[in-house]
Each structure stands twice: as structure tokens, then as C-alpha cells.
Amino acid sequence: MGKKVKKEVEAPPKDVFDPLNFESKKTGTVVLMLKSDEEEVLAKACEAIYRFADKCEENKLMLLELGAMESLIRLINHEEKMVKRYACMAFGVMAGHADVRRYLRKTDAIPSAIQLLGDEDDVCNEFASLFLSHMSGDFSSKLSIGQSEGVEPLINLLASPDPDVQKNSLQAICNLVQDFQSRTAVRELGGIPSLLESLKSEYAVIQGLGLSTLASVTQDGESRAVVRENEGLELLVDFLGNKDYDDLHVHALSVLSNCLEDTESLDDIRSTGGLERLLSFATEASTSPEVQANTARALSRAAKNVENGKILHEQEAEKTLITMTGSESDIVRIAACQAIATLSNNLAAKDAFGKSEGIPPLINLLSAENPMVREAATLALANLTLTNTNNANEVLTSGGVEQLLSLLQFNKESVVINSAACLVNMAQDITIRNDIFKRGIVASLTEPLKSKSPRVQSKIAQAVSTFMAGAEARSEICQHGGLEPLVQLLKSGDADVRRNASCALLMCCADPPTAAAISKLGGLEILQEINSSEQRCNNFSVAAFEKLLDSNLPAKYSLTGRLASHNIITDGFYDAGQLRPESKFFSLDEISKQEVNQKRPILLVNCKATDVEEEELEGDLDNRPTESQLSMDGTEPGVCSDALNSPAVARSPAPNVKSQDDSSEKGSRVSSKASYTRRKKKDKEALMREEAERIRAEKEAIRLKALQIEQELQKQLASKDGVYHPPVDTVLQSYFDNVTKYILPMPSTREQIVALAQFVVDKMGGEIDRGKMSDFSWELHIAELKYDLKSNIIPIGKIQYGIHYHRALLYKVLADKIGVPCSLVRGEYNRAWNEVTIAASLEKGAARYPPTRYIIDLMHDTGKLIRTDSPEAVQYKSI
């Protein structure tokens, strides 16, 4: 045998790298391998990165920091199948980290991922759709997906046999349809049938995502129409009837709730018997509380449509909702009450709730421990009693008023608002209103007026205005201190609060005592300020201000410059002069504390002593010295000096003096008698002058002493209670007596007007010729009165020389006393005048004319009636 020869191994080429097998435990090394040109290395590196990233979130962040994403974006479109697959897997998993997504939004990763959708490799579809499901949560990414036309391929993937692909695609679409533009795209691209088909999946997660997506899509009316066309309503009702899907019924009800907004959908579901099944399903004991609550919410949402309300009433949905109010679950009771509140917008349904014993269960819920239940129950009652007297009576007879009154003090503002609204609705019937008033509504409203919530303030103020129709209610709110917080609400920055508070004050002003209390609390000034602003004023604030002025005539005359014929001047009235609309109006007490000044005096009307004056100072008035005690020599004051030196007195013979009848001496004494007579006449004239001066001095002393006593009495009153008591005007009282005695009995109003004008002119210094006002020294007279009284306040009766505004005021006061209707109007430059309305003659055959308004001349041509529209009237009003 021959010797074997060893075969020589062929050496590898010198320019080829020998194969190298190694293990790497460094992440950075594997990331570097992603830049390799070898497909096997790339595939293994991508697979290793996928497994590493899938372990935890920290690994994903580490890979991002090492720069792995840049290479992965490039590799997802690699030609080699395995490289592409593993790169997609790593790419999809990495997108689960927020920082990674933030980085990817700055790249073109989304268009690259969309290109992978529909790939022949289901793994690529799965992870590309996973990537998009992660990215679609951000708005900018949604926009990018839409612009890259990524919605359609995602919809196409819903038909994939791979459940993971379906799940990821549904998740991406579900995120996208949160934006309304994507909803439209899903509908237009035919995605709704595929979404409905997903409800038949055997995987609950796919069903849940399909329902969530439909819940968003069906918010659009056109999409709901597509659901109806594809028999989606029947599918949803069947889905609800399947007990295996209990955990998904809530989501299905959300979709159905959207669909039932359309009358077509509700009518369609009724025609197939689905609505009846839905109502019975809601009351089944086996149904979970959450599903029952969502069913009630679906009915509530449907009932917002008027036509739907009719359909639900025809299906007797009221009975279902009433039954649900007896549930042990609070969420069911709340949802049922809310549905009742909505369905009661239908008048027939509202009546049905009352006739079906639906109100007593709601009243029982008013005492529930859960505040949300009370809120929902009060809302339902408020809606049921709106313009429905039968339901209001049912609440009353079921004992609901007491509970509603107690809830006005509840610490949840919505409960207070709803309770007040229910009571206001019930009060539209006067019998029920009186019954509620007797149960103490006014006292219950006082505390909520102090709430800090504008909504509560507004509704409670509205309730106050509703229940202030009677004098007893207005008196009661004063007793309980409700006026002060009500006045303070006028300062609110909320327009509704100011409006309702003004309305409430308007109702309270019907009684003069209540109006006076409101003015004392500053209501007049606040309303004045509100009305000066065009943005803050309202019709009620204007009316309330005018009503307050009618009960405070001094303020009305000062602020508006006019008193109408129905504004009757009484004791305590004073003319403080013209004030600007924004100026503060001072009370008599405030004015009395001012120092005597050179300004226009305050004219006071007061001829009756107050009760305090009569009771507390009765002893002081009894001890006041009489006029005879004040005279200097005992001569009776007021006796004219002419009477003392009258011819009758001068001619009376002195007692015990004999007459001289000696004829012989008669001639010799003629001349001496003549001279004696002349001397006697001169002496008599001098004596008369002296006597007149003496009596004038006595009268002045008496007047000053009387003023001093009167001032002392006023000081004593002020010192006792600290309040100013206006002096009694006895002269004005004498005026009242005279006009009542002599002018009131006159047969016609015209005669009374003229006679009263003559009376006023006589008491105010007589007629004044035109152009001679400067010779009428009324200013000096007024200054003397202010000095004598030591006050800026002058009783009108003390003025003996007055001009336009003095005479016009006195005329108005006396006219109101005897019932002659006239107005008082203030002009400029101390001008004022009275206007009267005289009807045309009603005699048979006389022409009929409308009543004519006249100005009464109290200055130049006493009693002349001047038509208000004549040039002469303009002249009388002007300077």
C-alpha cells in the first residue's frame, strides 16, 4: 500500500476578514452595531435592542440617550425583512416613553411609520400601529398623522385577522377622534361599519376600544345617521341585553346616549321595541347601579329634545324614573332626579309625574345624607313646580315646604338655589304663597341674603321680591334684619344680583315705614350711584329709586326738582335746595349740626310737635312765661297804639270834673283855648309816637324772648336723645286753619286755586311789580331769620317776605292740605312754580277739550293762570 498524502487546506483570501463570534454586554456597543452594513448584525442588534427596551422604561431612556432612535428610524424601511421586522418592533416599543415621543415629534418618524401600515408582514403592522397608538395621544402628532393620510390605513387594519393589529389600530383611531376633524375623516373614509363590527369581537379590549371610539364619533349628527343606517342601534341594544358584557354596558350606554339625541334614532329604536327593552333593563334588580345611572343619563340627554320628550312620555318613561328614585344607590337616585328635571320640560310629562305619585319620593330625598342627592332632588322639584299649580299643591300637601325652608340654610349653594327656585315657583299661586309665608319663609330668607355666592344672592333676592307682596311680609323682613343685607347687595358687581336686589327693594318700598328704613340704611344713595352709571343701572333700580323718593319727598325735590300732585307734603318736609345727581342728600339732623352759613336756607314744613316733645317737655312748656309776663309795664301786647289814643278815648270826660257854663268867661278864653288845643294836638301826636315806639319795642322783646325760649327747648330735646327735633311752626298751623275754614268750602277748584294764590301772596309780602325785584328786600329778611334762629333751618311760616321758591313751596303745602291737586317744579336762579290741571267745561253743549295745565302766578298778577305752553309761561320761569 502506498503512503497517504495529507490534503492541504486552501487558505482564505488575504483581503477578507475572518468571521468573528463574540458576546457583548454593553448597550453602547449594540447601538454602534446599528450602523453596520451587515444585515445579520443589524437584525441581531435590533432584536437585542427590542428585548432590552421592552424590559423597563429606564432602558428606553438609556437607548434614546445613546442615539439608538436615529438608526432605528432609518432601519424600519430596510430592504431585509428580518432587519425591518426587528427594527419596527424596537421602534414601536421605544415610542412608549414620553421623552422618546418628544424626540420623535421633531423627526419624520410618523410618515415613515404610516408607510409600514398594510405591510405583508403582520409583525410590522402590529408594531407600526403600536407606534402610532403611542404617538396619537399628542395634538401635534394627531395633526401630523392626519396630514400624512394615516387615518385610512389604520381603518383598513381594523379588518386584520390579527387581534393585536386590530387593538393597536383601534387605540390609535380612538386617540385621533378626540379631535373633531378626525371624526369627520373616520366617517367619510367608511370607518363606522368597521367600528360597529369590532363590537362582535371575542376580545373585550377590542370591544371596549370600539365603543370608546364610537362614543366620540357619534357626537357628530351625520355620524349618528350612519350608525342608524348600519343598524347600529339594534346592535347596541342587543349588546346591552347580553349579560356577558356587563363590564362594557356603561360604554355602550354612552354611545346610545349620543344616538338618542336625534328624534329619528329614538323613533327608530322605539319602533323595534328597543326603547321598551331599555326601560325595563334599567329597573332590573340584576342591573348594576352604574349601568342604571348611565341609562338614566341617556334618557335625560334624549329628553332635552322636545320631540324626544313626547316619545319618552308616550313610553311612560316617568314610571321608570320614579322607580329609580327609590334605589339604594346614590348615583342612581341622582341620575334619576336629573332625568326627571329634564323630562319635566315636557308639560304632559310634568303632569304625569304629579299624577303618578312621583313627588313624594323626591321629597323623601330632601333629607338624604348625600348633598348631591339633595341637590338633584331640589332641582327636580323646582322644574316640576314651574308653572304647574297641581304639582305645587302636591309638594305642599306632602310636607315639602318645611324641608325646603330648612334647606335654605344648607351649606351647599346649589341646594339653596334650587330650594329657593322651587318656593318661588310655588308662590305664583297666591293661596300657596300665603301658606308658605305663614310657615316662616321671611325669617328663612334673611340668613341666605348674607351669602358670599352671587348665585345664591341673586336667587334669594328674587325670592324676597316674590314674598314681599303683603304689608305683613314687609314688616316682618324689617323685624328680622333682612333689609340691611338686601341693601348691601346693591353694591354687588354681579348684574343679576343688583337687578334682583333692586326688584326686592322696589317691592319693600310699598310701605312708607319700610321705605324710610331702606333710606336710613343708605339704599337711596346706593341706588342713586347705580343709576348714574349706564352699565350698572337697570329698570328695577330706576323704579326702586323713584319709589324711595316718593316716600322721601325732601330728597325727591332736591334731586329731581319736581313734586307731582300725588306727592303730598306733610310735617317734616324740608327743601334743601337743588342737588346734583351724584351729591349726597343730608338729613335734617345732619343739617342742624352745621354752622350758620351764607348759603341758601333750608325751608322747613312742620306744625306738629313730636310725641317726644309732647311727653318729655310737657312740664317745660307749662312753665314757659306768657306774653303778658314778658311785657315791660303790664300793657297787653298786641293792642294797637291807635286804640289807646282813639278819639273816643280822648273825648271821654274825666271823672269828678264839672263843666264851665259861665258865659261871661267864655269869650275871654276862646283865644287861649285855641292855643291850648294846638299844643294839646302836638302833645297828643308826640305821645302817640312814643306809645307806638314803646309797643313796637315790647313786641320785639317778646318775639326775641319767644325765640330764645324755643331755642332752649330745642337744645333740651337734643341734649336728651341726641336727635334733632324740628321746631313747631305755629304760624303755618294758623295758615292751615284759615285755608281750611275759608278756602276749602269754595264751590270750584278754580276758585280755590285763585283764592289760595291770593292768600299766599298776602302772607309772603304781597305782589311785586315786574322789574322791581331788586326793591323787594327779601334777602335781608331771610338773613335776620337765620341770625335770630341761630340755624340754617327756617320754618316756612316765619317767612314774611318771600319770592318764587318760598311762595311756590307754601302754595304746595297749603294746597295739599285742602286737597287741591298741584305740582311743585324747581327752576333755575331761585325760580319755582306750581302747575295745576284744570279740566275743560263739561256743561251741555260746550266744546270738549282735553285738560289744560297752567302755572299759577304768585308774584306779579296774583292768581293768574298761565298756560304752560305759552310764551308768558316761559317768561315767568326765566330770569
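A. Summary view of the environment of Leu-404. Looking at the element boundaries, Leu-404 is found in helix α28 (residues 400-407). On the basis of relative accessible area, Leu-404 is assigned to the buried category, the value being 0%. In this structure the C-alpha to C-alpha distance between Leu-404 and Ser-444, which are 40 residues apart in sequence, comes to 9.9 Å. Aside from chain neighbours lying at most four places away, what touches Leu-404 is Leu-366, Thr-378, Val-395, Ser-419, Cys-422, Leu-423 and Met-426.

B. Structural view of the side chain of Ser-112. Take Ser-112: it is sitting in helix α7 (residues 109-116). Classification of Ser-112 as buried rests on a relative accessible area of 10%.

C. Region of interest: the sheet that holds strand β4 (residues 793-795). Taken in spatial order, the 3 strands line up as β2-β3-β4 in an open sheet, and their pairing is mixed. If you trace the sheet from one side to the other, it starts and ends with β2 (573-575) and β4, each paired once. Averaged over neighbouring strand pairs, the angle between their axes works out to 30 degrees when direction is ignored. When β2 meets strand β3 (residues 602-605), the two strands line up antiparallel, connected through 3 bridges. Within the sheet, the bridge partner assigned to Tyr-574 lies in β3 and is Leu-604.

D. Layout of helix α39 (residues 553-560). Summarising burial for α39: 7 of the 8 residues are buried, a large majority. For α39, the full list of buried residues reads Leu-553, Pro-554, Ala-555, Lys-556, Tyr-557, Ser-558 and Leu-559. Packed against the buried residues of α39 are α37 (523-531), α38 (539-551), β1 (562-563), β2, β5 (823-826) and β6 (832-838).

E. Main features of the environment of Trp-833. One can find Trp-833 in strand β6. The exposure class assigned to Trp-833 is buried, which follows from its relative accessible area of 8%. Along the backbone, Trp-833 and Arg-562 are 271 residues apart, and their C-alpha atoms lie at a distance of 9.9 Å. If sequence neighbours within four positions are ignored, Trp-833 has contacts with Ala-808, Ser-823, Leu-824, Val-825, Arg-826, Gly-827, Ile-855, Tyr-876 and Lys-877. Polar side-chain contacts of Trp-833 include one of 3.2 Å to the side chain of Glu-835.

F. Region of interest: the pattern of salt bridges. This structure, assessed with the given rule, holds 36 salt bridges. Between Lys-450 and Glu-447 there is a salt bridge whose closest N-O contact spans 3.9 Å. A salt bridge links Asp-816 to Lys-812; the nearest nitrogen and oxygen atoms lie 3.3 Å apart. Of this pair, Asp-816 and Lys-812 both sit in helix α51 (residues 804-818), 4 residues apart, which is roughly one turn of the helix. As far as burial versus exposure is concerned, Asp-816 and Lys-812 are alike and both buried. If you follow the salt bridges from partner to partner, you end up with Arg-187, Glu-188, Asp-220 and Glu-222 in one network.

G. Highlighting the confidence of the model for the protein. Looking at the protein as a whole, its pLDDT mean stands at 82, while 84% of the residues score no less than 70. Taken as a whole, residues 612-673 scores under 50 in pLDDT and shows 54 contacts with residues more than four places along the chain or in a different chain. A low-confidence stretch, residues 842-847 (pLDDT under 50), is modelled with 3 contacts involving residues beyond four sequence positions or located in other chains.

H. Local environment of the state of the cysteines. Under the defined criterion, the tally for this structure stands at 0 disulfides. Free cysteine: Cys-503, not disulfide-bonded; nearest cysteine sulfur from Cys-508 at 9.7 Å.

I. Looking closely at the nonpolar core. In terms of nonpolar packing, the biggest core is built from 190 residues, with Leu-104, Phe-131, Leu-132, Met-426, Ile-441 and Leu-486 touching the most fellow members. Look past the residues within four positions of Met-426 in its chain and what remains in contact with it is Thr-385, Ala-392, Val-395, Leu-396, Val-401, Leu-404, Ile-432 and Ile-436.

J. Up close: the packing of helix α8 (residues 122-135) against helix α11 (residues 163-176). Running from amino to carboxyl end, α8 crosses α11 at an angle of 25 degrees, the nearest separation of the two axes being 8 Å. The orientation of α8 relative to α11 falls into the category roughly parallel. Note on packing geometry: the crossing formed by α8 with α11 is left-handed. Every residue of α11 that contacts α8 at Asp-122, Asn-125, Glu-126, Ser-129, Leu-130, Leu-132 and Ser-133 is listed here: Asp-164, Val-165, Asn-168, Ser-169, Gln-171, Ala-172 and Asn-175.

Calculation notes
Residues numbered from 1 in each chain as written. Predicted model: local features only at pLDDT ≥ 70, side-chain atom pairs only at ≥ 80, totals over all residues. Heavy atoms only, no water. Helix = DSSP H or I, 4+ residues; strand = E, 2+ residues; numbered from the N terminus. Buried < 20%, exposed > 50% of the residue type's maximum accessible area, 1.4 Å probe, protein only. Contact = heavy atoms within 4.5 Å. Pairing = 2+ DSSP bridges. Axes fitted to C-alpha atoms, helices over the stretch in contact; angles between N-to-C directions. Polar contact = N/O pair within 3.5 Å; in protein donor to acceptor, adjacent residues only side chain to side chain. Salt bridge = Lys/Arg side-chain N within 4 Å of Asp/Glu carboxyl O. pLDDT = per-residue confidence, 0-100. Disulfide = S-S within 2.5 Å. Core = buried A, V, L, I, M, F, W, Y, C linked by side-chain atoms within 4.5 Å. Parallel < 35°, antiparallel > 145°, perpendicular 65-115°, else oblique. Left-handed = near helix turned anticlockwise from the far one by under 90°.

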